[in-house]
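Below are the chains, spelled out letter by letter.
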Amino acid sequence: MATASDLAGPRSTSVVVVGAGFGGLAAARALSDAPVEVTVVDQRNHHTFQPLLYQVATAGLGVDDICYASRGIFQRQSNARAVQARVTGIDLDDRRVLTAEGVDLPYDRLVLALGAVTADFGVPGVAEHTFGLKSAAEAIEIRTHVLRRFEAADRLARSGQDDATGERALAAATTIVLVGGGPTGVEMAGGFAELIGGPLRKDFPELDLARARVVLVEAADRLLSTFAPRLGDHARQRLEARGVEVRLDAAVAEVEPGTVRLADGTEIPSDTVVWAAGVAGHPLAAAVGLPTGRGGRVEVDHHLRLADRPEVHVIGDLALPPADAFDGPVPQVAAAAIQGGRHVAAVIGAELAGQAGPGPFRYRDQGSMATSGRNAAVVELP
Ligand SMILES: Cc1cc2nc3c(=O)[nH]c(=O)nc-3n(C[C@H](O)[C@H](O)[C@H](O)COP(=O)(O)OP(=O)(O)OC[C@H]3O[C@@H](n4cnc5c(N)ncnc54)[C@H](O)[C@@H]3O)c2cc1C
């Protein structure tokens, strides 16, 4: 069986970073001057700039605009390299990361930056009949699907089938439902409204696109609940001005093929449902017995380490730092992952140098932004 030394070469201290997302990359980059050999392992061969996934899904950007080859990223960092492998387990006692490819990665220090996964909160039909938006592949899948549904709508319209069945099929083909009024739902809604009102209107001149719908469904009484209320109101107004139907206080009860059913019994015919209602910590953490708390996130100490295994750090969306790390739970955003990555690199570097490390991790809020279409965004500064 191959081992990390086949992949990373012999060095005194081996740091394995699992996940080439914002947190993993920041940790690996910040270790560039440390006397360590860094192996960054990710199931994909690229880093994905997730904040712009919605642009790929709504046909505003191509995949190459938001994906960066991991090996290329580390070409100029002599003590680091990236490998593509899917992590399937961690032997915490033997200090080895296990992969589906059969390559074991022994470590002296482990940085877990596996991120989060889409959470369906047990709502029936979500796993089977909705799209998530966590990867470039999913973004492309959404885009391809939407364009295919509009092609299908064009065929239906031309077929002349104007009975109730035909009308419903046409409505479902041209209705996009976004579930979750956070930044992702808001950005997707704005993007799809612009796609339908612009390029698709030109591409399908014989389709009555005034009947196409973009519906944003949110269980709370306002959009962007992590922003100030007036910013959520502003985003709603901008979306509605673009023709988006915003449904607040509306929980999804079930998703079936072609239909979204709300808790109040309302049915929305739709072949395209994107679930952006929430995330949970990557399930591998719980599967290997790490202590998980709120949202499936791993409870870590003030240096983002496991309490009983200080050689294991957890950062980014997967980590749940102590309460005093922020005014409320540390948000699952890119800046928190990057700051966490840099923090653990500083801790590891100081330990190896026999120096005093940094103070406890504290997340520094740098503000948030959500766009609601071209030239429209809300920004909250700390
Ligand atoms: C659609 C969307 C929009 C967003 N918009 C914003 C925004 O505007 N601003 C903002 O600050 N944040 C935004 N975020 C959140 C931000 O992207 C995350 O907080 C950030 O990516 C977390 O970084 P991370 O390193 O913890 O995890 P990720 O960046 O998610 O990286 C995790 C990595 O782990 C890898 N991985 C997963 N499972 C395995 C496995 N079994 N084996 C090997 N590798 C694995 C993945 O391939 C991935 O590369 C958005 C997220 C999404 C999904």
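Up top is the structure.
Residues numbered from 1 in each chain as written. Predicted model: local features only at pLDDT ≥ 70, side-chain atom pairs only at ≥ 80, totals over all residues. Heavy atoms only, no water.

## A closer look at helix α6 (residues 136-159)
Moving on, step 1. Relative to the 34 Å expected for 24 residues at 1.5 Å per residue, α6 spans 35 Å between its end C-alpha atoms, a close match to the ideal helical length.
Moving on, step 2. Phi for G160, located one or two positions after α6, is positive at around 80°. (Helix = DSSP H or I, 4+ residues; strand = E, 2+ residues; numbered from the N terminus. Expected span 1.5 Å × (residues − 1).)

## Let's talk about the environment of L223
Moving on, step 1. By secondary structure assignment, the location of L223 is in the loop between β12 (213-217) and α9 (229-241).
Moving on, step 2. With a relative accessible area of 1%, L223 lands in the buried category.
Moving on, step 3. In this structure the C-alpha to C-alpha distance between L223 and R81, which are 142 residues apart in sequence, comes to 41 Å. (Buried < 20%, exposed > 50% of the residue type's maximum accessible area, 1.4 Å probe, protein only.)

## A short note on the nonpolar core
Moving on, step 1. By size, the foremost hydrophobic cluster in this structure holds 52 residues, and its most contacted members are V38 and L110.
Moving on, step 2. Broken down by element, this core gets its largest block of residues, five residues, from helix α11 (residues 334-353).
Moving on, step 3. Not counting the four nearest positions on each side in its chain, L110 is found in contact with V16, V18, I90, V97, E311, V312 and H313.
Moving on, step 4. Grouped together as the second largest cluster of nonpolar side chains are 44 residues, L133, L170, L178 and A193 included. (Core = buried A, V, L, I, M, F, W, Y, C linked by side-chain atoms within 4.5 Å. Contact = heavy atoms within 4.5 Å.)

## Digging into the site of the ligand
Moving on, step 1. Near the ligand, the surroundings consist of 26 residues, among which G23, D42, Q50, V87 and D317 are the closest.
Moving on, step 2. Between the ligand and Q43 there is a distance of 3.0 Å, counted from a nitrogen atom to a backbone nitrogen or oxygen.
Moving on, step 3. With respect to the ligand, the side chain of D317 contributes an N or O atom lying 2.7 Å from an oxygen atom.
Moving on, step 4. When the ligand sits alone it has 990 Å² of accessible area, and the protein chains cover 88% of it. (Near = heavy atom within 4 Å. Polar contact = N/O pair within 3.5 Å; in protein donor to acceptor, adjacent residues only side chain to side chain. Areas by Shrake-Rupley, 256 points an atom, 1.4 Å probe, with all protein chains shown as cover.)

## Overview of the sheet that holds strand β7 (residues 96-99)
Moving on, step 1. Read from one edge of the open sheet, three strands run β6-β7-β8, paired in antiparallel fashion. With partners counted over all chains shown, the strands left at the sheet margins are β6 (87-91) and β8 (105-106), one partner each.
Moving on, step 2. In this structure, β7 lies alongside β8, joined through two bridges in antiparallel fashion. Directly across from R96, in β8, lies its bridge partner P106. (Pairing = 2+ DSSP bridges.)

## Digging into the packing of aromatic side chains
Moving on, step 1. For the coordinates displayed, the defined rule picks out three aromatic pairs.
Moving on, step 2. Summarising the aromatic geometry, the rings of F150 and F204 are spaced 6.3 Å apart at their centres and angled 45° between planes, so their arrangement reads as tilted. Of this pair, F150 sits in helix α6 while F204 sits in the loop between α8 (183-203) and β12, and the two are 54 residues apart along the sequence. Here F150 and F204 have matching classes, each one buried. (Phe/Tyr/Trp six-rings, centres within 6.5 Å; stacked < 30°, edge-to-face > 60°.)

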